[in-house]
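As a plain string of letters, each chain reads:
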Amino acid sequence: MSYIKKYLYGDIVFLNSEQSSLLFKDSDTYQEYINDYLKKYYKSNSNIIDVGSNVGIFTNSFAKIANNCNIHSFEAVTKTRKLLKETVKINNLKNVTMYDFGLGDKDELININIDESNLGNSSIIHNFNSMDKNDSSNGKELIQIKKLDDLNIKNISFIKIDIQEYEYQFLIGAKNTLINNNVVIIIEIPTRNKYEINIHNKCVELLKSYGYKYYKNCRDKKRSKKNKTLKKIKSL
């Protein structure tokens, strides 16, 4: 039986209470700074993309904050997508389109490692050197990967990306979309070790080649007061 967590924007459907507690500690919000950036940068009547939607925490909040926008929600893992669908249904979201495939740098079928103890950690790369990864993967699922460029979604104002070390591949497959739209991007890329730092630096350099000139290290205001201003992208 699934577990329903009430939070600031409504209800989120989790596999169980344990998985809810991994994200929601003693608060009714999760990474609220992401919603703060959405409020600041999204454009009315535009398309907003949630890449790696998990159970729909941000799909739901985006749909309610930007209620005159179309939210495109991508979640490739079947078990997780079922929970996402329940979240969309229970919140009566009418401006959400869900996709049953992932986004990367080519059109292909690929295995994703499923982390049953934390579905949000499921990863194509599944690097075991990452600090938040251990060998808790309980199986694999063959999923479809497509390029964002091939979907021809236009008038995009905001993209959130959280796909467990597959961010660089996504950006390669989104090149034309990013160049042709004035898109604000928020990407979750931890920098806790050399592997993650390398992914971060590759993504920054790639975005620089696409014409992006400014970035900000986005941290939860409750955890850090650093990096409050946009910085000019430079070679790393």
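Everything here concerns the structure above.
Described in the following lines is the structure provided in the data block.

Criteria and thresholds
Residues numbered from 1 in each chain as written. Predicted model: local features only at pLDDT ≥ 70, side-chain atom pairs only at ≥ 80, totals over all residues. Heavy atoms only, no water. 1 Å grid on protein atoms, 1.4 Å probe; cavity = no way out; pocket = protein on both sides within 12 Å on 5 of 7 lines; lining within 4 Å. Points joined across faces, edges and corners; volume = space filled by probe spheres on them. Nonpolar A, V, L, I, M, F, W, Y, C, P; charged D, E, K, R; others polar. Buried < 20%, exposed > 50% of the residue type's maximum accessible area, 1.4 Å probe, protein only. Helix = DSSP H or I, 4+ residues; strand = E, 2+ residues; numbered from the N terminus. Pairing = 2+ DSSP bridges. Right-handed = clockwise from strand over helix to strand, strands pointing away. Core = buried A, V, L, I, M, F, W, Y, C linked by side-chain atoms within 4.5 Å. Contact = heavy atoms within 4.5 Å.

**So, empty space enclosed by the protein**
If you walk through the whole model with that rule in mind, you get one cavity of 30 Å³ or more. Taken as a whole, the largest cavity holds about 40 Å³ of empty space. Around the largest cavity sit Phe14, Gln19, Leu23, Asn54, Val55, Asn118, Leu119 and Gly120, which together line it. Partitioning the lining of the largest cavity into residue classes produces four nonpolar, four polar and no charged.

**Focus: the pairing of strand β4 (residues 70-74)**
Counted residue by residue, β4 has four buried out of five residues, so it is predominantly covered. Alignment of strand β3 (residues 47-51) against β4, held across five bridges, turns out to be parallel. Residue pairing for β4: valine 51 is matched across the bridge by phenylalanine 74. With helix α3 (residues 57-65) bridging β3 and its parallel neighbour β4, the resulting β-α-β unit is right-handed. With four bridges joining them, β4 and strand β5 (residues 96-99) adopt parallel strand pairing. In the sheet register, phenylalanine 74 faces β5, and the bridge partner there is tyrosine 99. Handedness of the β-α-β unit built from β4, helix α4 (residues 78-90) and β5 comes out right-handed.

**Remarks on the nonpolar core**
Membership of the largest hydrophobic core comes to 63 residues, with the highest contact counts inside it found for Ile57, Ile159, Phe170 and Leu178. Looking at this core, the element that brings in the most residues is α3, giving five residues. Apart from residues no more than four positions distant in its own chain, isoleucine 159 is found in contact with Ile49, Val51, Leu148, Phe170, Leu178, Val183, Val184, Ile185 and Ile186.

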